[in-house]
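Per-entry structural report
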Amino acid sequence: MSNSQQLQPVHGSNSIIKFADDTTVIGLISDNDETAYREEVQHLATWCADNNLLLNTSKTKELIVDFRKKKGSTHDPIHFNGLVVERVSSFKFLGTTITEDLSWTTNTSSLVKKAHQRLFFLRTLKKNQLSSAIVVNFYRCAIESILTSCITVWYGNCTVADRKALQRVVKTAQRITGTPLPAIEDIQRKRCVRRARSILKDSSHPNHGLFNLLPSGRRFRSLRTRTSRSRNSFFPTAVSLLNSAL
């Protein structure tokens, strides 16, 4: 695909995320002006038509995140090929459920339910007297991997109840295996640090510039946040963890 054919956002307030055959348009709407966002959506439709790609309107969803105290005018629906795009309160993006209020209870409940289903197989392995190494390896591959999927994105803003529900699965698995297992919070911290160090090494990463050393060269500059949601998100958390590790 040549550079002229690559799908790029037209406006700086928008982002386009592509993964396999899924494309997501993210638009920042300011002062109730949706012009740039709607032009971006139309640009996507035009680009698909020009490149002989068919947009499946029935599978296209729109989710609006709005935390303003005073809501503006109503948001008119988006249209593709004369069809209205369904507006939803939540959707699953690359395996993680995102909701319009950016809470993570729906996501964690789904992960816990799926993990509980796998505990049956863990008990079966233990009952058949397989070695501890095999049983623990199954847990790490089939259960822990579910509980910690994209954990650096959502765990920081989980409720206490959500965290306890996740950890209860780990405790149940510990009783079955008879072996100490890593706590979910410890896994999240390690992955945050590992991801942050990976970004530090990659100067081409779009968020590389968020990790700035102070004049002393020993600590990173803390990121300014105005809400607890922002403060508990990945980048402020990663900076804090990096500073703690120094």
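Everything numeric here is computed off the predicted structure, so don't read it as measured data.

1. Quick notes on the confidence of the model for the protein
Averaged over all residues, the pLDDT of the protein equals 90, while 97% of them reach at least 70. The lowest-confidence element of the protein is strand S4 (residues 79-80), averaging 84 in pLDDT; the highest-confidence one is helix H5 (residues 160-177), averaging 97.

2. As for the nonpolar core
Core analysis: the largest hydrophobic core is formed by 25 residues, its most contacted members being Leu 122, Tyr 139, Ile 143, Leu 147 and Trp 154. When residues of this core are traced back to their parent elements, those giving at least two are helix H2 (105-127), helix H3 (132-147), helix H4 (151-154) and H5. When residues in this core are grouped by element, the largest group, seven residues, is from H3. Once you skip the residues sitting within four places of it in the chain, Leu 122 turns out to touch Val 135, Phe 138, Tyr 139, Ile 143, Ala 173, Ile 176 and Thr 177.

3. As for the side chain of Thr 24
You can see Thr 24 is positioned in strand S2 (residues 22-27). By relative accessible area, Thr 24 is classed as buried at 18%. Non-local contacts of Thr 24, meaning those with residues more than four positions away in its chain, are made with Ser 15, Ile 16, Ile 17 and Phe 93.

4. With respect to the environment of His 208
Turning to its location among the elements, His 208 is positioned in the loop between helix H6 (184-201) and helix H7 (228-231). Placed ten residues apart in sequence, His 208 and Ser 198 show a C-alpha to C-alpha distance of 9.5 Å. Non-local contacts of His 208, meaning those with residues more than four positions away in its chain, are made with Ile 199, Leu 200, Asp 202 and Ser 203.

5. Examining the UniProt feature "domain: Alkylated DNA repair protein AlkB homologue 8 N-terminal" (unreviewed entry) in the protein
With numbering matched to this structure, UniProt assigns "domain: Alkylated DNA repair protein AlkB homologue 8 N-terminal" (unreviewed entry) to residues 104-145. Its end C-alpha atoms 17 Å apart, residues 104-145 is made of 88% helix and 0% strand.

6. Here's the deal with a positive patch on the surface
A surface patch of like charges, here positive, comprises Arg 123, Lys 164, Arg 168, Lys 171 and Arg 175. The element that contributes the greatest number of residues to the positive patch is H5, accounting for four residues. Considering the arrangement of structural elements, one finds Lys 171 in helix H5.

7. Brief notes about the pattern of salt bridges
Any two side chains of opposite charge can pair, so long as their charged atoms come close to each other. Within the structure shown, the criterion is met by five salt bridges. Notably, a salt bridge pairs Glu 86 with Lys 61, separated by 2.5 Å at the nearest N-O pair. With a gap of 25 residues between them, Glu 86 in strand S6 (residues 86-87) and Lys 61 in strand S3 (residues 61-62) connect regions that are remote in the sequence. Relative accessible area serves as the criterion here: at 42%, Glu 86 is assigned to the partly exposed category. In this structure, Glu 62 engages Arg 87 in a salt bridge whose closest nitrogen and oxygen atoms are separated by 3.7 Å. Of this pair, Glu 62 sits in strand S3 while Arg 87 sits in strand S6, and the two are 25 residues apart along the sequence.

8. A few points about the packing of H3 against H5
What describes two packed helices is the angle between their axes and the distance between those same axes. Axis separation between H3 and H5 bottoms out at 11 Å; the angle between their running directions is 170°. What the angle tells us is that H3 and H5 run roughly antiparallel. Along the contact surface, H3 presents Val 135, Val 136, Tyr 139, Ile 143 and Leu 147, while H5 presents Leu 166, Val 169, Val 170, Ala 173 and Thr 177. Each residue belonging to the contact of H3 with H5 can be placed in one class, and the counts come to nine nonpolar, one polar and no charged.

9. What about unusual backbone geometry?
The general pattern is negative phi for most residues beyond glycine and trans for most peptide bonds. With a phi close to 55°, Asn 52 is a non-glycine residue in the positive phi region. Of note, Asn 52 is situated in the loop between helix H1 (35-50) and S3. Unlike most non-glycine residues, Cys 150 shows phi in positive territory, near 55°. By secondary structure assignment, the location of Cys 150 is in the loop between H3 and H4. With relative accessibility at 38%, the residue Cys 150 sits in the partly exposed group.

What counts and what doesn't
- Residues numbered from 1 in each chain as written.
- Predicted model: local features only at pLDDT ≥ 70, side-chain atom pairs only at ≥ 80, totals over all residues.
- Heavy atoms only, no water.
- pLDDT = per-residue confidence, 0-100.
- Helix = DSSP H or I, 4+ residues; strand = E, 2+ residues; numbered from the N terminus.
- Core = buried A, V, L, I, M, F, W, Y, C linked by side-chain atoms within 4.5 Å.
- Buried < 20%, exposed > 50% of the residue type's maximum accessible area, 1.4 Å probe, protein only.
- Contact = heavy atoms within 4.5 Å.
- UniProt positions renumbered as here; feature names shortened; annotations may be inferred.
- Patch = residues over 30% accessible without salt bridge, like charges linked within 9 Å, V, L, I, M, F, W, Y side chains within 5 Å.
- Areas by Shrake-Rupley, 256 points an atom, 1.4 Å probe, with all protein chains shown as cover.
- Salt bridge = Lys/Arg side-chain N within 4 Å of Asp/Glu carboxyl O.
- Lys, Arg positive; Asp, Glu negative; His and termini not counted.
- Charge placed at Lys NZ, Arg CZ, Asp CG, Glu CD.
- Axes fitted to C-alpha atoms, helices over the stretch in contact; angles between N-to-C directions.
- Parallel < 35°, antiparallel > 145°, perpendicular 65-115°, else oblique.
- Nonpolar A, V, L, I, M, F, W, Y, C, P; charged D, E, K, R; others polar.

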